[in-house]
Amino acid sequence: MEQNLQTRPLGLYLHIPWCLSHCRYCNFFTLKYGRKAAEAYYRLLLSEKELYLAHGFKELSTIYFGGGTPSLLSAEQISELIAGLPLTPDVEITLELNPIQISPDFLQKLSSTPINRLSLGLQSMLEHELSYLDRQHKASDIPAKIKLLREFGYKNISADLIYGLPDSTLESVKQNLNLFLALPLEHISCYLLEIHDDSELIQDRKRIPSDELLAAQYHTIRRTIQTAGFEQYEISNFARPGYQSRHNLLYWQGDDYLAWGASACGYFQGLRYQNPADLDSYQAMLESGKIFGRADPQADAEADYIMMALRLLQGMDLATFKSRFGHDFVQGREVKLAQLSKLGLIEPQAGHIRLTPQALFISNAVIAELL
Ligand code: SF4
């Protein structure tokens, strides 16, 4: 049964665009770090916070500092951004952390903040892949760095892994994965490297593995991580029991999340919006007293919900769909559902529709059939 608006969780995403250097594969809104500019941006975030507090909103159950490199905020800035916000007692507060910053001094300061979950941009445990991706950290330093995180009391640590790199093989993916699984992690997110037409990596596209090999890499990752005791709960995400990312679940379950910072995207009571992706326009928006950026004119709440909910391994709850959109999901899609089911790509379960394991790697194509 769906939770009503009062009991549904609310999250907050903060975008910190600064990076120490640019990684060639990255498509996010990022800016080269400069102390003065970062300080001015932080003050804009504080003014956005004031606008929201004046507007009033219910308790936050998750906060997520993403970027860019949000670990370039000082501990005092992180604490100040959170101070005075209404929070649930079990609030999950995640910080994306660049491994190169992990040091006793950094963690001493960070431990004074309410951050209770860390998401590490590891990407690979193979040195040559890190170098290809322009990452500044060394794989050989990571075990000691994670040990240090544990010593400072961090018990909920996630790491990102990128697969499908040029010239990668099934063997190199297994080797990388085994090094990840030797680390004490609660959560792993696995992403396929995407090389867009305007990417600096475009000349390497020919060296990307074939679709068949990419699918084999994905399924090897799935099987191996699950054998190591993680549960796959979303197409790209794996967690030890009790350690699913509660913030990311808001996205996939169609719940509300506020967005602070330039280029940040939010979803609030049916409105999908994005703050301006340049600092001047973002500042102008705040000076005009607006808290919601531009509404997405293409937004289709129903299609959005279907695309997100079907990413979850548990699938989409049909009663929730009906209570949100006032009509039956299956009605009018009977033929398509029967075809996809016959092809072994979806499985209707008690009250749910979900993708089968073999459909996960081609999820976008399968979900498009249902929109
Ligand atoms: S550090 Fe992260 S956000 Fe910054 S450029 Fe590299 S991948 Fe992108």
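On a predicted model such as this, the values are computed, not experimentally measured, just so you know. (Residues numbered from 1 in each chain as written. Predicted model: local features only at pLDDT ≥ 70, side-chain atom pairs only at ≥ 80, totals over all residues. Heavy atoms only, no water.)

## Digging into the overall build of the protein chain
- Across its full length, the protein chain holds 13 helices and 17 strands.
- Since a compact globule built from 371 residues should have a radius of gyration of about 21 Å, the 21 Å found for the protein chain is in line with a globular shape.
- Out of the 371 residues belonging to the protein chain, those deemed buried represent 51%.
- Across the protein chain, every contact between residues at least 6 apart in sequence was considered, and the portion connecting residues at least 24 apart equals 69%.
- Accessible area of the protein chain: about 17100 Å², with a carbon and sulfur share of 54%.
- Taking the 34 positively charged and 43 negatively charged side chains of the protein chain as two groups, their mean positions are separated by 3 Å. (Helix = DSSP H or I, 4+ residues; strand = E, 2+ residues; numbered from the N terminus. Rg over C-alpha atoms; globule rule 2.2 N^0.38 Å. Buried < 20%, exposed > 50% of the residue type's maximum accessible area, 1.4 Å probe, protein only. Contact = heavy atoms within 4.5 Å. Areas by Shrake-Rupley, 256 points an atom, 1.4 Å probe, with all protein chains shown as cover. Lys, Arg positive; Asp, Glu negative; His and termini not counted. Charge placed at Lys NZ, Arg CZ, Asp CG, Glu CD.)

## A closer look at the domain arrangement of the protein chain
- Each assigned domain of the protein chain is listed with its residue range as follows: domain 1 (10–251) and domain 2 (320–369).
- Using only C-alpha atoms to locate each centre, domain 1 and domain 2 end up separated by 30 Å.
- Interface of domain 1 and domain 2: buried area, both sides summed, is about 550 Å²; carbon and sulfur atoms make up 78% of it.
- Viewed at the interface, domain 2 and domain 1 are joined by zero salt bridges. (Domains from an automatic or database assignment. Buried area = accessible area lost by both parts, 1.4 Å probe. Salt bridge = Lys/Arg side-chain N within 4 Å of Asp/Glu carboxyl O.)

## Some points on the pattern of salt bridges
- Inspection of every chain in the model, using the stated rule, returns 16 salt bridges.
- Measuring nitrogen to oxygen at the nearest pair gives 3.7 Å for the salt bridge that ties R246 to D90. Remark: D90 occurs in strand β5 (residues 87–97) and R246 occurs in helix α8 (residues 246–252); sequence separation between them is 156 residues.
- Given a relative accessible area of 49%, D90 falls into the partly exposed group.
- Each of the salt bridges in this network shares a partner with another, and the network as a whole consists of R8, D255 and R324.

## Examining the pairing of strand β4 (residues 60–67)
- Extensive coverage of β4 is indicated by the burial of eight of its eight residues.
- Here strand β1 (residues 10–16) runs beside β4; their pairing, made up of six bridges, is parallel. Within the sheet, the bridge partner assigned to G11 lies in β4 and is T62.
- Note that β4 and β5 share five bridges and pair parallel. Residue pairing for β5: T62 is matched across the bridge by E92.
- Following the backbone out of β4, through helix α2 (residues 75–82) and into the adjacent parallel β5, one traces a crossover that is right-handed. (Pairing = 2+ DSSP bridges. Right-handed = clockwise from strand over helix to strand, strands pointing away.)

## A short note on the packing of aromatic side chains
- Considering all chains together, one arrives at 16 aromatic pairs under this definition.
- For the ring pair Y273 and F292, a centre distance of 5.0 Å and an interplane angle of 70° mean the geometry is edge-to-face. Of this pair, Y273 sits in strand β13 (residues 271–274) while F292 sits in the loop between α9 (279–287) and β14 (294–295); the two residues are 19 residues apart in sequence, bridging distant segments of the chain.
- Consider the rings of Y305 and F321, whose centres lie 6.4 Å apart with planes at 45°: the pair is tilted. Taken together, the residues Y305 in helix α10 (residues 301–309) and F321 in helix α11 (residues 318–325) connect sequence positions 16 residues apart. In this pair, the class of Y305 matches that of F321, namely buried.
- Between R24 and the ring centre of Y132, over which it is positioned, the NZ or CZ distance is 5.1 Å. (Phe/Tyr/Trp six-rings, centres within 6.5 Å; stacked < 30°, edge-to-face > 60°. Lys NZ or Arg CZ within 6 Å of the ring centre and 35° of its normal.)

## A short note on the packing of α10 against α11
- Following both chains from N to C, one finds α10 and α11 inclined at 165°, their axes separated by 11 Å at the closest point. Our classification of the angle between α10 and α11 gives roughly antiparallel. Handedness of the crossing formed by α10 with α11: right-handed. The residues of α11 that touch α10, namely those facing A301, E302, Y305 and I306, are T320, F321, R324 and F325.
- In terms of residue class, the contact of α10 with α11 is made up of five nonpolar, one polar and two charged. (Axes fitted to C-alpha atoms, helices over the stretch in contact; angles between N-to-C directions. Parallel < 35°, antiparallel > 145°, perpendicular 65-115°, else oblique. Left-handed = near helix turned anticlockwise from the far one by under 90°. Nonpolar A, V, L, I, M, F, W, Y, C, P; charged D, E, K, R; others polar.)

## Points about the side chain of S245
- Checked against the element boundaries, S245 lands in the loop between β10 (237–239) and α8.
- If we skip the residues at most four places from it in the chain, S245 touches E92, R117, H187 and Y233.

## So, the environment of Y132
- Within the fold, Y132 resides in helix α4 (residues 127–132).
- Residues Y132 and Q217 lie 85 residues apart in sequence; the distance between their C-alpha atoms is 19 Å.
- Not counting chain neighbours up to four residues away, the residues in contact with Y132 comprise R24, L165, P166, L201 and D204.

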